[in-house]
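As a plain string of letters, each chain reads:
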Amino acid sequence: MPLPPAPAKRAALLSERDFDALAARLPQPRKTASPLAEPRLSAAPQARVASEVPATSRLAPEAAPADTSASRTRTPRPSPSARKVQPESDVQVQTPLFAPVAAPAPAPTSARTHTPADTKPRKAKQNGAAKLFVLDTNVLLHDPMCLFRFEEHDIFLPMIVLEELDAHKKGTTEVARNARQTSRSLDALAGHQGADITGGLPLNATGHREAGGKLFFQTQLLDYTLPTSLPQGKADNQILGVVQALRQQQARHELPASAREVVLVSKDINMRVKARALGLATDDYQNDKTLGDDDVLYSGAIALPANFWTSQAKTVESWQQGAFTFYRISGPVVASLLINQFVYFEAPGEPSLYARVTEIQGKTAVFKTLKDYTHLKNAVWGITSRNREQNFALNLLLDPEIDFVTLTGQAGTGKTLMALASGLTQVLDDRRYTEIIVTRATVSVGEDIGFLPGTEEEKMGPWMGALDDNLEVLGKTDTSAGEWGRAATSELIRSRIKIKSMNFMRGRTFLNKYVIIDEAQNLTPKQMKTLITRAGPGTKIICMGNLAQIDTPYLTEGSSGLTYAVDKFKGWAHGGHITLARGERSRLADFASEVL
């Protein structure tokens, strides 16, 4: 007769006499099961198997799985009569909610993994992971959907936060819109059927299933004492007092091992500094950041290992299609590749390979060789690429199958020049697009010079100095046309380039346009979405920027709209990205970028 599956480890802790006594009791009907334990046992049958097969576990106790949560929560067995009810109450129902033995994070038991309806609350309470986040007003004004971004944790809103929301909801600015949206979300939660504002409002009541916690409002006065150096009437200090009072309340009413951590979430750096000075836990709102401090932005290119060709010698397939060569490869390198990612192989004494990933199926990938834009015969409006990354960028910019291109890099890497040259070639020579539309974020480096006179294009003129500089460079590439010919070409070029302001992009649709978004690092993710969704059939969008030159005061490298677009579009079949690493402007500009 085959042996049953290995039991839980707690069965191995019984003595041999206990095994025989327990095996004799197994066929008997369950008369000692409590009304609370029986439904849990029926919902998780695997939790009962561990208590029904102890007689065989003594044959191979070393094969028991590492499930020690039941043995940690079980009390010593003083007598056989006291042990009678243990097999029926093995689902941790009888364990105190905040018992000291449950404070460490235990391994998940079989009963908990088979009850998804209460997995998140039980896991949060027993592991001590559920926190109480007190939100500052600036977090709600920054992201009106932040109420639903804290997963299983609870949220507490002081009354002064609601007062500040009410003061910011007037007007047509982005802050006023966010304040009104936050107020609507709070009203929907408070007005939901069966809502109990004193016991907490479930955050998933309005359909946001990812939010498993509750929302608490300040419904009573809280007693707190702040240093006399902090003015009592300031809103920030009142919020700090609420955090201190909640922390003391948790420490006073809960066991030390189970007291929930109270954390202040604020976008205000000075407020976080004051909170830390008072010994309060605080953190920044991280959900708006696409990349964390330890993450690396997708570069768009990857170097193949030195033993690439030797490892692929027996499995590589190659074929010719027009002017391009295709390679089908396999191996562990495929797992790190993305669609439209560039790969290169450079080794002394061996032929170099520059290709782009065009297909990934299972454990195989297809490489397509690139067009060499470093050669004069492939010049784009008179310019050629000077390094490997510029060659990658021109392959993306001139590919009609690529609808969205992002270019990042330091100053002087040729982002605007290559984008403009590729656009002129495809508009005037290939007639692929009807015109070039150029826009950028109007964020000043220093103090603003005030209002500008004229039409929309005349107002945007001072912001488009980079466009004029690059047009001057491109106009000098044709040396055989003479002065009159260059002047006529310049007029033709400017007639096909339209300069537009971002403020009037809402509701527009671009058909067969070549759109250049310059200085995209100063855009928020919402603004980036607004611009990209303007694209109609046959339109190509190029976003360029230098993440080291962000001038918007409320954006960082991790929360910039350009970073957001690069991360979200990587691996898309009709999008591409490349990071330009080498400056080609001048030796002075290159040295200044390194040392200043």
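We now turn to the structure provided with this report.

With that settled, the discussion passes to the sheet that holds strand β1 (residues 132–135). Spatially, the six strands line up as an open sheet ordered β3-β4-β2-β1-β5-β6, and their pairing is mixed. Among the strands making up the open sheet, the edge pair consists of β3 (201–202) and β6 (281–283). As paired strands, β1 and strand β5 (residues 262–265) are joined by four bridges and run parallel to one another. Following the sheet pairing, Leu-132 is matched in β5 by Val-262.

With that out of the way, let us pick up the packing of helix α20 (residues 525–532) against helix α21 (residues 561–569). Running from N to C, α20 and α21 cross one another at 60 degrees; their axes reach a closest spacing of 8 Å. One finds that α20 runs oblique with respect to α21. As for the relative orientation of α20 and α21, their crossing is right-handed in sense. Along its contact with α20, which presents Pro-525, Met-528 and Ile-532, the element α21 presents Gly-561, Leu-562, Tyr-564, Ala-565 and Phe-569.

Turning our attention to the pattern of salt bridges. Where side chains of opposite charge bring their charged atoms close, a pairing between them can arise. Taken as a whole and judged by the stated rule, the model has 15 salt bridges. Arg-260 is the salt-bridge partner of Asp-154, the closest N and O atoms lying 2.4 Å from each other. Taken as a pair, Asp-154 in strand β2 (residues 154–157) and Arg-260 in the loop between α12 (235–253) and β5 lie far apart in primary sequence, 106 residues in all. The class for Asp-154 is buried, based on a relative accessible area of 12%. Judged by relative accessible area, Arg-260 falls into the partly exposed class, the value being 24%. Lys-570 serves as the salt-bridge partner of Asp-567, at 3.5 Å between the closest nitrogen and oxygen. For Asp-567, a relative accessible area of 21% gives the class partly exposed.

As for its position among the elements, Gly-279 is in the loop between α13 (269–277) and β6. Judged by relative accessible area, Gly-279 falls into the partly exposed class, the value being 39%. Residues Gly-279 and Gln-244, 35 residues apart in the sequence, show an inter-C-alpha distance of 8.9 Å.

The phi dihedral of Arg-431 falls on the positive side, at around 55 degrees, and the residue is not glycine. With respect to the helices, strands and loops of the structure, Arg-431 is situated in the loop between α16 (415–429) and β14 (435–440). Positive phi, normally seen in glycine, also occurs at Asn-512, with a value near 55 degrees. Structurally, Asn-512 can be placed in the loop between β15 (497–499) and β16 (513–518).

What counts and what doesn't
Residues numbered from 1 in each chain as written. Predicted model: local features only at pLDDT ≥ 70, side-chain atom pairs only at ≥ 80, totals over all residues. Heavy atoms only, no water. Pairing = 2+ DSSP bridges. Helix = DSSP H or I, 4+ residues; strand = E, 2+ residues; numbered from the N terminus. Axes fitted to C-alpha atoms, helices over the stretch in contact; angles between N-to-C directions. Parallel < 35°, antiparallel > 145°, perpendicular 65-115°, else oblique. Left-handed = near helix turned anticlockwise from the far one by under 90°. Contact = heavy atoms within 4.5 Å. Salt bridge = Lys/Arg side-chain N within 4 Å of Asp/Glu carboxyl O. Buried < 20%, exposed > 50% of the residue type's maximum accessible area, 1.4 Å probe, protein only.

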